[in-house]
Amino acid sequence: MAPVRLLAPAKVNLFLHVGPVAADGYHPLASLVAFADVGDAVTVQPAGGLSLTVTGPFAGELNDGGDNLILQALRALGQATGVGDPPVAVTLDKQLPIAAGLGGGSSDAGAALKAVRDMLDLPLDDDALAAAAVGADGPMCLHARAAWAEDRGDRLTFEPRLPPLPALLINPGVPSPTGAVYRAYDEGSAGSADRPEPPGDWAASTVIDWLSEQRNDLEAPAVALQPAIGEALTAAARLPGVRLVRMSGSGATVFALFDTADQAAAAARRLIQIHPDWWARPSVLR
């Protein structure tokens, strides 16, 4: 069996509408989710037992122990299929920042599940495989397809009409833990988990105009906790050609949308000159 290597793409919440916390402790939400052409890389190869090795620029910030989402997901897959812990060695090349609002851990786990399925030739499609996905973001990141996400984020309606959106992903180098952001959100005035009517047409320019009418309800509390996110939003808004700037998820990553990929790439070069210690990647969201 040859090694299998897959991209674990960054997830971006193009908008995120969040309702007040429910009795079960979860927040209802509505979001339109897209996936970038940049992310982590997951390699799976045959081995005597299940193991995980983490490499890459953000490896030192990530726990590769038993509570890692990759290991949790693969053990759940083994239990569901009756094969036990899959006999594979997983290598995660961690290129995405940690606690960044990009669904990195869930995307890593989703890629690992698909790679192990392909390697072991398990008779499971993506819908069946999603049953082993861990966390609210797990199923959406396993599918890695543009989708409307509702309820806890686990009720998905795929959206094939979303056009490619040239973007720049920016992280100012600070973590933004989801739990802390939601607690700060709960201390203020709650929004609503409203799903807006879709745009009148799905041309990229129209979609960007429509997105500008939406919001990320977690942006203000995240900025209050980490002012560097506000600095990133301001810096992104000053880039030439930018059409829309917004935080993704619970932060700290900010995305900027452009009309062309060349504009996004030029903006990345300009931003890195001004903030060489920030993480910035031009990409296409789709």
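In this report, we go over the structure that sits alongside the text.

Here is what the cut-offs are and how they apply
- Residues numbered from 1 in each chain as written.
- Predicted model: local features only at pLDDT ≥ 70, side-chain atom pairs only at ≥ 80, totals over all residues.
- Heavy atoms only, no water.
- Salt bridge = Lys/Arg side-chain N within 4 Å of Asp/Glu carboxyl O.
- Helix = DSSP H or I, 4+ residues; strand = E, 2+ residues; numbered from the N terminus.
- Buried < 20%, exposed > 50% of the residue type's maximum accessible area, 1.4 Å probe, protein only.
- Pairing = 2+ DSSP bridges.
- 1 Å grid on protein atoms, 1.4 Å probe; cavity = no way out; pocket = protein on both sides within 12 Å on 5 of 7 lines; lining within 4 Å.
- Points joined across faces, edges and corners; volume = space filled by probe spheres on them.
- Nonpolar A, V, L, I, M, F, W, Y, C, P; charged D, E, K, R; others polar.
- Expected span 1.5 Å × (residues − 1).
- Contact = heavy atoms within 4.5 Å.

**Some remarks on the pattern of salt bridges**
Within the structure shown, the criterion is met by 15 salt bridges. Notably, a salt bridge pairs Arg-215 with Asp-194, separated by 2.7 Å at the nearest N-O pair. Taken together, the residues span a long stretch of sequence, with Arg-215 in the loop between helix H6 (204-211) and helix H7 (219-225) and Asp-194 in the loop between helix H5 (178-186) and H6 at a distance of 21 residues. Taken together, the shared-partner salt bridges in this structure form one network comprising Glu-150, Asp-151, Arg-155 and Arg-195.

**With respect to the pairing of strand S10 (residues 279-285)**
Of all seven residues making up S10, five are buried, and the element is well covered by its neighbours. By the bridge criterion, seven bridges tie strand S7 (residues 165-171) to S10 in an arrangement that is antiparallel. The residue of S10 that forms the bridge with Ile-170 is Ala-280.

**A short note on the layout of surface pockets**
The gaps of empty space that remain are located by a probe, the size of a water molecule, rolled over the atoms. In this model, the largest pocket occupies a volume close to 970 Å³. Around the largest pocket sit 40 residues that line it, and Gly-103, Ser-106, Asp-137, Thr-178 and Ser-250 are the ones nearest its centre. Mapped onto the lining of the largest pocket, the elements with two or more residues apiece are strand S1 (4-18), helix H1 (69-81), helix H2 (104-120) and H5. When residues of the lining of the largest pocket are assigned to their parent elements, the largest contribution, four residues, is made by H2. Class assignment for the residues of the lining of the largest pocket results in 17 nonpolar, 17 polar and six charged.

**Thoughts on H2**
Look at H2: 24 Å from first C-alpha to last across 17 residues, which is about the 24 Å you get at 1.5 Å a residue. Counting buried residues along H2, 14 of its 17 residues qualify, which places the element largely inside the surrounding structure.

**Details of helix H8 (residues 227-237)**
Residues of H8 that are buried include every one of Ala-228, Ile-229, Gly-230, Ala-232, Leu-233, Ala-235 and Ala-236, and no others. Where H8 is buried, its residues meet S7, H7, strand S8 (244-247), strand S9 (254-257) and helix H9 (261-274).

This is a description of form; function is not addressed.
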